[in-house]
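Letter by letter, the chains look like this.
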Amino acid sequence: MVALIMFQDNYRNCLNRAKRSLSSRSFPAETLRAIEQDILSTLPALHIFHPETGPLYQDLRDMLCAWVVSRADEGLRYVHGTAKIAGMILLNMRPQQGFIVMRNLLERHCMRSFYGSVSANDDVSAAVWFESESN
């Protein structure tokens, strides 16, 4: 298994870039809305990620914004459902460690097809079509 080589300060650097972008209002508004919507649907019965009362809301939001920034150089956008994976990771570890786990998990070829971008969806569609034709 090949893992991304990341230093512990990678999360801090990406988060700082995201916070600067958010404060200067240059963070894409559509992406921020998508993140907020996704967070609302992440384990809602637990209320742990609720924007007003959830103790892990800010950690999840920060982690997702940092993740978007870490992938921006590749032109990859936020994909709905990412908050659920990040939320499950945050239930088990701190954001800095969770960010590295999430990057390693979602950057694998198969997962990147699902959580990469809209163009990566072509890979998923092709794989589904190929499998249905094989049967």
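Here is a short report on the structure shown in this document. Owing to the predicted nature of the structure, the values given are computational and were not obtained by experimental measurement.

### So, the packing of helix α3 (residues 57-72) against helix α5 (residues 95-106)
Moving on, step 1. At a minimum axis distance of 10 Å, the contact between α3 and α5 shows a crossing angle of 45°. Between α3 and α5, the crossing angle belongs to the class labelled oblique. You can see that α3 and α5 cross each other, and the crossing is right-handed. Within the contact between the two elements, α3 uses Asp-59, Met-63, Ala-66, Trp-67 and Ser-70 and α5 uses Pro-95, Gly-98, Phe-99, Met-102, Arg-103 and Leu-106.
Moving on, step 2. Per-class residue counts for the contact of α3 with α5 are 7 nonpolar, 2 polar and 2 charged.

### Here's the deal with the nonpolar core
Moving on, step 1. Ranked by internal contacts, the top residues of the largest apolar core, which has 28 residues, are Ile-35, Ile-39, Met-63 and Leu-64.
Moving on, step 2. For this core, the secondary structure elements donating two or more residues are α1 (9-23), α2 (29-40), α3, α4 (82-90) and α5.
Moving on, step 3. The greatest single-element share of this core, amounting to 9 residues, is contributed by α3.
Moving on, step 4. Setting aside residues no more than four positions away along its own chain, Leu-64 makes contact with Ile-35, Ile-39, Tyr-78, Thr-82, Ala-83 and Ala-86.

### Here we look at a nonpolar patch on the surface
Moving on, step 1. Taken together, the side chains of Leu-46, Met-88 and Leu-91 make up a nonpolar region of the molecular surface, amounting to roughly 280 Å² of accessible area.
Moving on, step 2. A relative accessible area of 53% places Leu-46 in the exposed class.

### Notes on the side chain of Thr-31
Moving on, step 1. When you line up the elements, Thr-31 lands in helix α2.
Moving on, step 2. Not counting residues up to four positions away in its chain, the partners in contact with Thr-31 are Val-68 and Tyr-78.

### Some points on the pattern of salt bridges
Moving on, step 1. According to the stated counting rule, one finds 2 salt bridges in the structure shown.
Moving on, step 2. A salt bridge links Arg-61 to Glu-36, with the nearest nitrogen and oxygen atoms 2.6 Å apart. With Arg-61 in helix α3 and Glu-36 in helix α2, this residue pair connects regions lying 25 residues apart in the sequence.
Moving on, step 3. Its relative accessible area of 22% is what places Glu-36 among the partly exposed residues.
Moving on, step 4. Close ionic contact of Lys-84 with Asp-38 constitutes a salt bridge, the shortest N to O distance being 3.1 Å.

### Comments concerning the packing of aromatic side chains
Moving on, step 1. With the rule as written, the count across this model stands at 2 aromatic pairs.
Moving on, step 2. Look at Tyr-11 and Phe-99: their rings are 5.1 Å apart centre to centre, the planes differ by 50°, and that puts the pair in the tilted class. Here Phe-99 lies in helix α5 and Tyr-11 lies in helix α1, a separation of 88 residues in the sequence. In terms of burial, Tyr-11 and Phe-99 fall into one category: buried.

### Things to note about the environment of Leu-40
Moving on, step 1. Within the fold, Leu-40 resides in helix α2.
Moving on, step 2. Expressed as a C-alpha distance, the spacing of Leu-40 and Tyr-57, which sit 17 residues apart in the sequence, is 9.5 Å.

### Some points on α5
Moving on, step 1. When the terminal C-alpha atoms of α5 are compared, their 16 Å separation across 12 residues agrees well with the 16 Å that a helix rising 1.5 Å per residue should span.
Moving on, step 2. Among the residues making up α5, those that are buried are Pro-95, Gly-98, Phe-99, Ile-100, Met-102, Arg-103, Asn-104 and Leu-106.

Calculation notes
- Residues numbered from 1 in each chain as written.
- Predicted model: local features only at pLDDT ≥ 70, side-chain atom pairs only at ≥ 80, totals over all residues.
- Heavy atoms only, no water.
- Axes fitted to C-alpha atoms, helices over the stretch in contact; angles between N-to-C directions.
- Helix = DSSP H or I, 4+ residues; strand = E, 2+ residues; numbered from the N terminus.
- Parallel < 35°, antiparallel > 145°, perpendicular 65-115°, else oblique.
- Left-handed = near helix turned anticlockwise from the far one by under 90°.
- Contact = heavy atoms within 4.5 Å.
- Nonpolar A, V, L, I, M, F, W, Y, C, P; charged D, E, K, R; others polar.
- Core = buried A, V, L, I, M, F, W, Y, C linked by side-chain atoms within 4.5 Å.
- Buried < 20%, exposed > 50% of the residue type's maximum accessible area, 1.4 Å probe, protein only.
- Patch = residues over 30% accessible without salt bridge, like charges linked within 9 Å, V, L, I, M, F, W, Y side chains within 5 Å.
- Areas by Shrake-Rupley, 256 points an atom, 1.4 Å probe, with all protein chains shown as cover.
- Salt bridge = Lys/Arg side-chain N within 4 Å of Asp/Glu carboxyl O.
- Phe/Tyr/Trp six-rings, centres within 6.5 Å; stacked < 30°, edge-to-face > 60°.
- Expected span 1.5 Å × (residues − 1).

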